[in-house]
Amino acid sequence: RRRERNIASLVNSRLPQKMIDFLKVAGELGQDMGWEVYAVGGFVRDILLARPNFDLDLVVEGDAIAYARRLARQLGGRVKAHVKFKTAVVILDDQRVDVATARLEYYEYPAALPTVELSSIKMDLYRRDFTINALALRINPGRFGQLVDFFGAEQDMKNKAIRVLHSLSFVEDPTRILRAIRFERRFEFQIGGQTLRLIKNALSLDLFSKLSGTRIMHELQLIMAEENPLACLNRMQELGIMEAIHPLLKLSADRVQVLMELGKVNNWYKLLYLEPRVVPWKLYLLGLTMGIKRDQIGQVTSRLRFTTKEEREFLQLRDMIGDALMRLMSWREDKSRLSRLSAILRPIPLEGVLFLMARSRKEHIRRGISQYLTRLRDVTIDVSGTDLQEMGLAPGPAYSAILVRVLEAKIDGRAQTREDQLRLAKRLGRALSRTCKEGDGS
Ligand code: CTP
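These lines cover the structure that appears in this document, whether it is placed above or below. Computed from a prediction, not measured in an experiment: that's the story for all the values here. (Residues numbered from 1 in each chain as written. Predicted model: local features only at pLDDT ≥ 70, side-chain atom pairs only at ≥ 80, totals over all residues. Heavy atoms only, no water.)

## Details of the pattern of salt bridges
- One pass over the full model with this rule turns up 26 salt bridges.
- Across the salt bridge formed by Arg176 and Glu172, the nearest N and O atoms sit 3.9 Å from each other.
- Between Glu238 and Arg235 there is a salt bridge whose closest N-O contact spans 2.8 Å. One end of the pair is Glu238 and the other is Arg235, both in helix 11 (residues 229-238) and three residues apart, which spans about a single turn.
- With a relative accessible area of 6%, Arg235 lands in the buried category.
- When salt bridges with common partners are traced through the structure, they connect Glu4, Glu36, Arg138 and Arg143 into a single cluster. (Salt bridge = Lys/Arg side-chain N within 4 Å of Asp/Glu carboxyl O. Helix = DSSP H or I, 4+ residues; strand = E, 2+ residues; numbered from the N terminus. Buried < 20%, exposed > 50% of the residue type's maximum accessible area, 1.4 Å probe, protein only.)

## What to know about helix 19 (residues 363-374)
- For helix 19, with 12 residues, the first-to-last C-alpha span of 16 Å sits near the 16 Å given by 1.5 Å per residue.
- At its buried positions, helix 19 is contacted by helix 13 (253-271), helix 16 (308-329), helix 17 (338-345) and helix 18 (350-359). (Expected span 1.5 Å × (residues − 1). Contact = heavy atoms within 4.5 Å.)

## Some points on the site of the ligand
- Contacts to the ligand come from 13 residues, most closely from Arg45, Asp129, Asp173, Arg179 and Arg186.
- Within the backbone of Asp129, an N or O atom sits 2.8 Å from an oxygen atom of the ligand.
- Note that a nitrogen atom of the ligand is positioned 2.7 Å from one of the side-chain N or O atoms of Asp173.
- With the chains in place, 71% of the 580 Å² that the ligand exposes on its own is no longer accessible.
- For the shell around the ligand, the secondary structure elements donating two or more residues are helix 3 (42-48) and helix 8 (175-187).
- For the shell around the ligand, the element with the most residues is helix 8, which contributes six residues.
- Its residues assigned to classes, the shell around the ligand shows one nonpolar, four polar and eight charged. (Near = heavy atom within 4 Å. Polar contact = N/O pair within 3.5 Å; in protein donor to acceptor, adjacent residues only side chain to side chain. Areas by Shrake-Rupley, 256 points an atom, 1.4 Å probe, with all protein chains shown as cover. Nonpolar A, V, L, I, M, F, W, Y, C, P; charged D, E, K, R; others polar.)

## Looking at the pairing of strand 2 (residues 37-40)
- Of the two faces of strand 2, the one lined by Val37 and Ala39 and the one lined by Tyr38 and Val40 are each fully buried.
- For strand 2 and strand 3 (residues 56-60), the ladder comprises three bridges, and the chain directions are antiparallel. Opposite Ala39, over in strand 3, you have Leu58 as the bridge partner.
- Inspection of the sheet shows strand 2 paired to strand 7 (residues 136-138) by three bridges, in the antiparallel sense. In the sheet register, Val40 faces strand 7, and the bridge partner there is Ala136. (Pairing = 2+ DSSP bridges.)

In short, geometric facts, not functional conclusions.
See the structure below:
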């Protein structure tokens, strides 16, 4: 079977010129040092799938650290080397490149392959998770753009299949089960029949319960950062993985409903390019743990190995949301003030505000929260502490009380200009100093 074909024209048409130039330089350096250099993994997969991906991984059939050092020197970057793993990261102004040494794992797979076929790139690729991730692209001059496909990755891409390279893949690393689901849903592929059987087998051996919470949480974070996390979570539920992580995480119909709303709200927010950015897992974990009682939530956070600080923050966020839900019930668009809405939402982290938006069934509350996010939370006033000082007010806690009141007035449209705001501040200042004097009892 022919295992190489040249895809240089595809590379040239799908990558930015800067990346192509970089690959050429990296290939020439390999040639100088007498080593074959390959781009590998997701980077190559995504060229074929026409998806932008600038996470470049290089594999060198030689000394990756020496190679990375020369590459960095040539391009004016830094190197972080991991001597133990024979890997390095080249850090350039606008790009990080991982460089690894192709591993010859003779001892691990003594009889797996005929000796004549033992090239180090082949062994390196054979360690990987799925065929579509086990592709390499030659970049040395003269061979630039040769696609190295030992395991039928291109065929699998045509068939839209996620397939492992060997039957022990999930036993070696059960997190690959979650990766399989993530790639399946991201590319709208199908996990292959044999691969699905291996997943079910791994699950029935309970390999999942032996996985550390840290690794599960890491995979969950990646899933929740996908375009469509709910598709992945549904698939996980179908295979019994949610309960395998923790019985309290079963994906009920209620939770699916809320997660769907969360997805919509998150996409809406992303489309507006608003800052700050949402941390997806914080948002979706709120939906995933909905309905879990306060005294049980610790079971989930400790299964997922939250630190004390992370746990405290997450519990606080849930409490804040519960409190805000109550207060929002009495907020009426027509009669209540926008400043009151703003006061309810302002202390809550962004993910909590979006959760409230997704949870609210009342249209006027959703509209209010949307106004808060697009406009109100960014409202600033045109008077400052310096102005209060110039009015002769003694600095103290009264300052922030006055400035908050001025902000509320501006939000409610009662003090638009600096003059209006100064006048209001003065009035508030006088009133405050009067009450202070009265409070002195003199
Ligand atoms: N890999 C693996 N087993 C894992 C994790 C990673 O074999 N549990 C391999 C895969 O071959 C993958 C490579 O390591 O291509 C790099 O991993 P990662 O950076 O997670 O890969 P991408 O495939 O680029 O994933 P994404 O598109 O989500 O960034």
